[in-house]
Structure formats: structure tokens, C-alpha cells
Amino acid sequence: MSDTLSEKAYLTLVALSAVSALGILLAVILFLFAFGGSALSADFIFNNWNHQHIEQAGVLQAIVGTLALAVGVFAVSVPIGVASAIYLTEYARSTWSVRLIRLAIRNLAGVPSIVYGLFGLALFVQLLALGTSLLAAILTLSAMTLPWIISAGEESLKTVPLAYRQGALALGATPWQTIRHIVLPQSLSGMMTGAILGVSRAIGETAPLILVGATFFMNGLPTGPLDKFMALPYHTFILATQHADPHAKSYAAATAIVLIGLVLMVNGVIFYYRYKIRKKTLGEIR
Amino acid sequence: MKISEKHIRIFFQANGILSVLVLAGIFGFLLINAIGAFQTITLGEFFGTTWNPTSYVQPQWGILGLLVGTLLVVAAALLIAVPLGLFTGLYLSNLASPRVREVLKPAVELIASIPSVVLGLVALLVLSPLVASLFGLTNGLNALTAALIVAVMVLPTIASLSEDVFSAVPDAYRQGGLALGATRWQVLRRVILPSSLSGIFAATMLGLGRAVGETIAVLMVAGNALAFPHGLLDPVRPLTANIAIEIKEVVTGSTHYQALFAMGLVLFIITMAFNVLAELVLQRHMKRLGA
């Protein structure tokens, strides 16, 4: 093989590897529709689950459960995450306590989700006696989401030019006034997109839900935070692995389409939004 | 009392410290429950080869079979994901035109946001029949199928970290190579790759940490047999899958329950060790390139 030919072969191999990511993404969506497309209908989305007659059953309760989980996780983890990010970027000097916090955040991000499940089981379900419930699941997934939200928050806060802060402080503003009126308005949209991405990832988790709260079947919707609840990922899991109906797998695929539709919709909107912001502010930041 | 700047600062600091408390809490709850298990089980039994906690005759608490299951899946997954991820990072950082990048980079990131259960389902429906027919097996629920899907899951982690690592190579290196008459591939192969070795190592370790912790997708396709595995085509039950399978069946506070927490502690320590290692190596690497 001549040099230019092998050169081309290598570069093509590298390019193909990168394109494989796109291939995987498309293949996943394609296969889901191939297996679950026929089970997908308006009834499937808007009916309650029906154990005996799976062909009449719908996933409305699981959709509502997953959305309730999303709202709950957002409400718990975003305020704490944003406040932590503000502390780390705006207040903290490089002391041992800051190093400890950063070390904790990095390690939290690497803890397996099933271990978060064990933590939630021991603390929220057992010790705080919340039982396997929506609230226990919200708190468990919030702990898991927290490090992602802090990292996104820090990144967003760092895009605010230092000169803005110095200007405000020089004019006599206090640190809090500077944060409240100058830094936060500039970085809020970035922090929120990061937060929404984090929450959308959290609600796709199944393993912790097995331990702290989801159920496969219930009458109606949860009426309070201490009720059990249904969730799309857990529903997909049970249908795929533990349901006797011969068509269960296509209903699992249909449930997965609803779940991935929810997650990808959120991601798509945010990617588009980021793309537009980047185009607008290109050169201003860098 | 008027809220002063000091109070505000303390409020933010308290939120920051909460992360430390959560990490300490995770470790603490795992440890407390795990210690309970070792009042009945000896360490020797815990690191035995057979896991059979519900035996009527003599319960056995050995996690080695499960640990080998984890290692088989993780090793095979990395064998696929590391080259693929490195090439993806190389392409995104050095070769792709801005327009191609604008499409491929989100695609890689989107893979990370596909829920684990969805990938597990696709593996169950598509990969496992494929593996079964390729190797003439009655079913494709084994370590290899699990490894294939775990490879997909850690690909984004390895690809984005190695993209950062390759982008951090100073431009002067590349320009120097090209000025000396090297081709684009020669520059990648002889300049960019060698100067990124420790970063590549860090990316691999981070991927390893992720792979060890994967639960649901693995549980769906690994076969979950308790027999000690001897190869990639054997059904395996990795540690994560075992916890998820058994935790709902055990009596709270029983030895079995506590042994599952001990297993969680093992997972926690393994993943933490690889994450810390990755972090340290990466920091040193980036600092050296920056200097």
C-alpha cells in the first residue's frame, strides 16, 4: 500500500469511528420504532395501566409519575446546586474546605446510581421512614443530580467576565448585590439549561427507583408525596423482563419511545437554544 | 435581625458543604450496614467464589464470582469503547470541519442522555439475538452482549474527555510536525497521541468507573446466572445487577440485606478509586501541557 493510500485509510477509520456515534443514535431510535411503533397510539399515552388486558393499557400514570419526579428533583436539587455553585465561584477562596467540596462533588458524580439507591433506601426509606414513595425517590435522585447541577452552574458563572464584578464592587455594591444584580442575570439561562439537562438525565434512571419507590401497578395516580408511583423507566424495565404477555416487549419498546421522546425533546430544545446563543455571542466570550 | 452579607455568605457555604455531607452520608450508610454483615460472615467467606445466600443447608456469601462477572463485562466493554472513543475524540478535535463537528458532538452527547433502560431494551431485542446466532447459542444473554451495550454507554465519556485531552495539545506541536513535512496522520500518530498518553489513561479510567457502575442495561442482558463465569459467552451476574435483583426480596436488617450493602461498599470503593486516579492523572497531564 502506498503512503498516501494508507494515510487515507487511517483517516477514514478515524472519521468512521466518530460517525458511529451518530449511527448508534439513529439505530436505537429506529429499532425502538420497529419493535414498539405498532403499540404506540393515543390510547397508549392517555389510558391508565391495565394488567389483564395489556392491549388496552396505557402509560398515563407512568408519564405523570415521571413528570412529578422531574418537578420534584428540579425543586430540590436546583436551588441547592445553584447556591453551591455561587459559593464555589463567587465567595470561596482556595482553602482546604473548598478543595474538600470540589473533591466531594467530583466523587459524587462517579458514584454508581445503584449505590445512590442503597443510600436512599437506608436514609430516606428506612431511617426517615418515608417508605418507598415519590418523596423518597425525589430526594434520592436529587442527591444524584446535585453534582451535575453544581458543575453546570460553575461553568455558567465562569462565563461572566471578571470586569463586570470588579465594576460593580468598585461602584460600592456589596458582594451579594453584585451577585444578585450583575452575575446571576448574566448566567441564569446557562445554569438553567444545565439544570434541565441534569434533571432529564435523572428521570431516565431505573436502578435507584427499584430500591426507593416505583411500582409497576397502582389504581389511579399518586395523591401525595408519600404515595408509591409509576415511572416510565421502571415500567419499561418490568415490561421487558418480567411480564408474561407475549406482546409485552413491544409495549416495553413503546414505553421506551415515550421516555426517550421526553428526554430527547428536552435535550433538543436546549441544544438548539445553546447553538443560537453561541452564534450570537461568538467572539464576545472567547 | 437584619440579614447581613455575612449571613448570606454562610447560607451559600452551607449549601456547598451539603455535597460533602451527602458523600459522607453515602459512605456512612454503606459502612454501617456492611459492618452488620460481618458479624455473621467472615471476610474470607465474603471473598469466596460462591454466592448462595438463600441456601437451606449452608448459605454462601462469596462475591468473587460476581466480581469476575463485573470484570469480564467491563474489560470487554473497554476493549471496544476505548479505541472507538479515542478515534472519535481525535476526529472531533483535529480533523472535523466546524460544520461536521456541530452535528457529531451533540450526537455523542445525546448517547449519554439515552436512559440506560432504553439501551438495555435495544440490547435485549437486537443485540442478544444477534450474539446468539453469531455464536450458535440458545440465547444471547451473556457477558459479551452486556459488554457491547456497556461499550455504547461509556463511549460518550471516553470520547468527550479524550477530545478535551487532544485539544489541549499545544498548536505548536502540530504545526511543528506539519512544517517538518509529516502528513496529517503522521502528526496524529507520532505527535498528538504520544503527547496525550496520560490523558488517554485518565479517560480510560473514567470510562472504567462508569462501566463498573452500570446496572439496569447489564441486568437485562447479562443472563444473571450465579455459576462462576469462565468466558465472555457465559451468562454472568455483575455486582450491580445482583444488588438490584436481590434487594427487594430480602428482609430489612437481615444478614443478606447487610451483605448487599457490603457489596455496594465494594462498588463505591472501586469506582471512587478509579475516579480519583483519573482525576489526579488528568490534572497533572493538563498542567504539564499548559506549562
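Each chain has its residues counted from 1, running along the sequence as written. Here chains are named by letter from A upward and ligands by number from 1 upward, in the order in which they appear as written. Whole-chain, interface and lining totals are the exception, using all residues; otherwise, since this is a predicted model, local features are given only for residues with pLDDT of at least 70 and side-chain atom pairs are given and counted only at 80 or more.

As for the overall build of chain A
Right, so step 1: Under the scheme used here, helices are H or I runs from DSSP no shorter than 4 residues and strands are E runs no shorter than 2 residues, and both carry numbers assigned from the N terminus. A tally of helices and strands in chain A yields eleven helices and zero strands.
Right, so step 2: Projected onto its principal axes, the C-alpha coordinates of chain A cover approximately 70 × 70 × 35 Å.
Right, so step 3: Three classes are used. A residue is buried when 20 or more other C-beta atoms lie within 10 Å of its own, exposed when 12 or fewer do, and partly exposed in between, with C-beta atoms placed from the backbone. For chain A, the residues scored as buried account for 46% of the 286 residues in total.
Right, so step 4: Taking contacts inside chain A between residues at least 6 apart in sequence as the whole, the part at least 24 apart equals 73%. In this description, any two residues whose backbone-derived C-beta atoms lie within 7 Å of each other are considered to be in contact.

Digging into the overall build of chain B
Right, so step 1: Secondary structure assignment for chain B yields twelve helices and two strands.
Right, so step 2: Ordered by position from N to C terminus, the α and β elements of chain B give α-α-β-β-α-α-α-α-α-α-α-α-α-α.
Right, so step 3: Of all 291 residues assigned to chain B, the portion counted as buried reaches 49%.
Right, so step 4: Expressed as a percentage of contacts within chain B between residues at least 6 apart in sequence, the contacts between residues at least 24 apart total 73%.

Some points on the interface of chain A and chain B
Often the size quoted for an interface is simply the accessible area lost on bringing the parts together.
Right, so step 1: Between chain A and chain B, the contact holds 70 residues from the first and 69 residues from the second.
Right, so step 2: Here the element with the most residues in the side of chain A that touches chain B is helix 1 (residues 3-36) of chain A; it accounts for 17 residues.
Right, so step 3: Taken together, the residues of the side of chain A that touches chain B break down into 52 nonpolar, 14 polar and four charged. Charged residues are taken to be Asp, Glu, Lys and Arg, nonpolar residues to be Ala, Val, Leu, Ile, Met, Phe, Trp, Tyr, Cys and Pro, and polar residues to be all remaining types, Gly included.

Considering the confidence of the model for chain B
Any segment with low pLDDT has predicted coordinates that should not be analysed in fine detail.
Right, so step 1: As a per-residue measure, pLDDT reflects the predictor's confidence and takes values from 0 up to 100. In this model, chain B carries a mean pLDDT of 92, and residues with pLDDT of at least 70 account for 99%.
Right, so step 2: Listed scores for the predicted complex are pTM 0.92 and ipTM 0.93.

A word on the nonpolar core
Residues and elements named next belong to chain B.
Right, so step 1: Remark: nonpolar core denotes a set of buried Ala, Val, Leu, Ile, Met, Phe, Trp, Tyr and Cys residues whose joining runs through C-beta atoms within 7 Å. Counting residues in each nonpolar core, the largest one holds 186 residues, and the members touching the most others are V73, L121, A123, I149, V150, A217 and V221.
Right, so step 2: Broken down by element, the residue count for this core peaks at 17 residues, all from helix 6 (residues 143-167).
Right, so step 3: Excluding residues that lie within four positions of it along the chain, V150 makes contacts with V73, A77, A211, E214, A217 and V218.

Quick look at helix 8 (residues 175-202) of chain A
Right, so step 1: In this model, helix 8 of chain A (28 residues) spans only 33 Å end to end at C-alpha, well below the 40 Å of a helix rising 1.5 Å per residue.
Right, so step 2: At any given residue, the bend is defined as the angle formed between two axes, one fitted to the seven residues that end at that position and one fitted to the seven that begin there. Along helix 8 of chain A, the largest kink reaches about 55° and is centred on A:L184; proline A:P185 follows within four residues of it. By this rule the span expected of a helix is its residue count minus one, scaled by 1.5 Å.

Details of unusual backbone geometry
Right, so step 1: One non-glycine residue, A:A129, lies in the positive phi region at around 55°.
Right, so step 2: Mapped onto the elements of the fold, A:A129 is located in the loop between helix 5 (113-127) and helix 6 (134-158).
Right, so step 3: The residue B:N224 is not glycine, and still its phi comes out positive at about 60°.
Right, so step 4: Mapped onto the secondary structure, B:N224 falls in the loop between helix 10 (216-221) and helix 11 (239-246).

Description of helix 4 (residues 96-110) of chain A
Right, so step 1: Along its 15 residues, helix 4 of chain A runs 21 Å from first to last C-alpha, staying within 8% of the 21 Å computed at 1.5 Å per residue.
Right, so step 2: Of the residues making up helix 4 of chain A, those classed as buried are A:I101, A:R102, A:A104, A:I105, A:N107, A:L108 and A:G110.
Right, so step 3: Buried residues in helix 4 of chain A make contact with helix 3 (60-91) and helix 6 of chain A together with helix 1 (5-37), helix 9 (197-213) and helix 12 (255-290) of chain B.

With respect to the packing of helix 3 of chain A against helix 6 of chain A
Residues and elements named next belong to chain A.
Right, so step 1: To define axes, lines are fitted to C-alpha atoms, for helices over the stretch in contact only, and angles between the resulting N-to-C directions are given on a 0 to 180 degree scale. As a packed pair, helix 3 and helix 6 sit with axes 6 Å apart at the nearest point and diverge in direction by 40°. Compared by their axis directions, helix 3 and helix 6 come out oblique. Where helix 3 crosses over helix 6, the handedness of that crossing is right-handed.
Right, so step 2: A per-class count over the contact of helix 3 with helix 6 returns 19 nonpolar, eight polar and three charged. Orientation is classified from the angle alone, with under 35 degrees giving roughly parallel, over 145 giving roughly antiparallel, 65 to 115 giving roughly perpendicular, and any other angle giving oblique. When the near helix sits turned anticlockwise from the far one by under a right angle, the crossing is termed left-handed; a clockwise turn instead gives a right-handed crossing.

Considering the packing of helix 6 of chain A against helix 8 of chain A
Residue and element names in this part refer to chain A.
Right, so step 1: Between helix 6 and helix 8, the shortest axis-to-axis distance is 8 Å and the interhelical angle comes to 150°. Of the two elements, helix 6 crosses helix 8, and the hand of that crossing is right-handed. Along the contact surface, helix 6 presents L141, M144, T145, W148, I149, A152, G153, S156 and L157, while helix 8 presents V183, S187, G190, M191, G194, A195, G198, V199 and A202.
Right, so step 2: In terms of residue class, the contact of helix 6 with helix 8 is made up of eleven nonpolar, seven polar and no charged.

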